[in-house]
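# Structural features, examined
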Amino acid sequence: MTNTRTQHRIHQIAVWPLGGGYSGRFRRDQARLDYRSVNVPDDLDPGALLDSPLAPLALWSQKPPHDLVERVADRIATSGPLEEQLVQIELGMLVGGPLAAQVLEALRRRGMNDVLEQTESGREIARRNREQGLEQGRVDGMRAVLRARFGDLSDLDDLARRLADADHDGNIARIVGGATLAELRP
């Protein structure tokens, strides 16, 4: 009879995208966990990663292929289930900086906006775009009110931005109520 304790083993692996990790043992109370360590830049071949569902990990490679971003985006775009694509996108965003932006742009070019919108990164980008759009709409509205009341001004854009940022609704009321340019300018 085989010992069931030896048949069922859990193997833990710590993945270190930036490297510098080490294998070890975690102990707490009666629990003991041995784990292996994988340092992505040193231990994993970027070519092999790019051919696997873990393709975004290749973004941390010390010696990436010249077409790394395109290959990561291709791998994500051709992945099967939506959930797998979402995990791969989020994994790719962890690299941060210009590489993450390049991956996002490559995915957009592949028509994956609907998938990107479901990721945390995509929701954050959409939130920022909405805020920027709202801000721009307030400035445009202030500019229109100023132009209607005072005509074209040399500092129209700066004045509209400053008034919209300070107190949009209050400044609209002041303009409509007859405030002079001297009262509106600092």
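Everything below is about the structure shown above.
Numbering of residues begins from 1 in every chain and follows the order in which that chain's sequence is written. Since the coordinates come from a predicted model, pLDDT governs what is reported: local features require at least 70, and pairs of side-chain atoms require 80 or more to be given and counted, while whole-chain, interface and lining totals use all residues. Only heavy atoms go into the side-chain values, all of them from the structure, while hydrogens and water stay out.

## Some words on the nonpolar core
The biggest cluster of nonpolar side chains holds 25 residues, and the ones touching the most others in it are Ile89 and Leu107. Only DSSP runs of H or I reaching four residues or more are called helices, and only runs of E reaching two or more are called strands; each is numbered from the N terminus. When residues of this core are traced back to their parent elements, those giving at least two are helix H3 (46-50), helix H4 (68-77), helix H5 (82-93), helix H6 (97-109) and helix H7 (113-116). Every residue pair with non-hydrogen atoms within 4.5 Å of one another is taken to be in contact. Ignoring sequence-local partners within four residues, the contact set of Leu107 consists of Ala73, Ile76, Ile89, Met112 and Leu116. Counting 13 residues, the second largest nonpolar core, distinct from the first, contains Met142, Leu153, Leu156 and Ile175. To qualify as a nonpolar core, a set must consist of buried Ala, Val, Leu, Ile, Met, Phe, Trp, Tyr and Cys residues joined through side-chain atoms within 4.5 Å. Three exposure classes are used, based on accessible area relative to the maximum for each residue type with a 1.4 Å probe and protein chains only: buried under 20%, partly exposed in between, and exposed over 50%.

## Structural notes on the pairing of strand S2 (residues 24-28)
In the sheet, S2 pairs with strand S3 (residues 31-39) via five bridges, with the strands oriented antiparallel. Residue pairing across strands places Arg27 opposite Arg32, the latter belonging to S3. If you look at the hairpin formed by S2 and S3, you'll find two residues sitting between the two strands, and Asp29 has a positive phi there, around 50 degrees. Two strands qualify as a pair provided DSSP detects at least 2 bridges between them.

## Considering H6
A rise of 1.5 Å per residue sets the reference length of H6, with its 13 residues, at 18 Å; its end C-alpha atoms lie 19 Å apart and thus fit the reference within 8%. Here H6 has its buried residues at Ala100, Val103, Leu104, Ala106 and Leu107. One side of H6 holds all its buried residues, which, seen down the axis, span an arc of 160 degrees. Exposed and facing more than 90 degrees away from the buried side of H6 are Gly97 and Pro98. Against the buried residues of H6 lie H4, H5, H7 and helix H8 (120-150). Looking one or two residues beyond H6, the residue adopting positive phi is Gly111, at roughly 75 degrees. The span one expects for a helix is its residue count, reduced by one, times 1.5 Å. What the arc measures is the spread of directions leading from the helix axis to the C-beta atoms.

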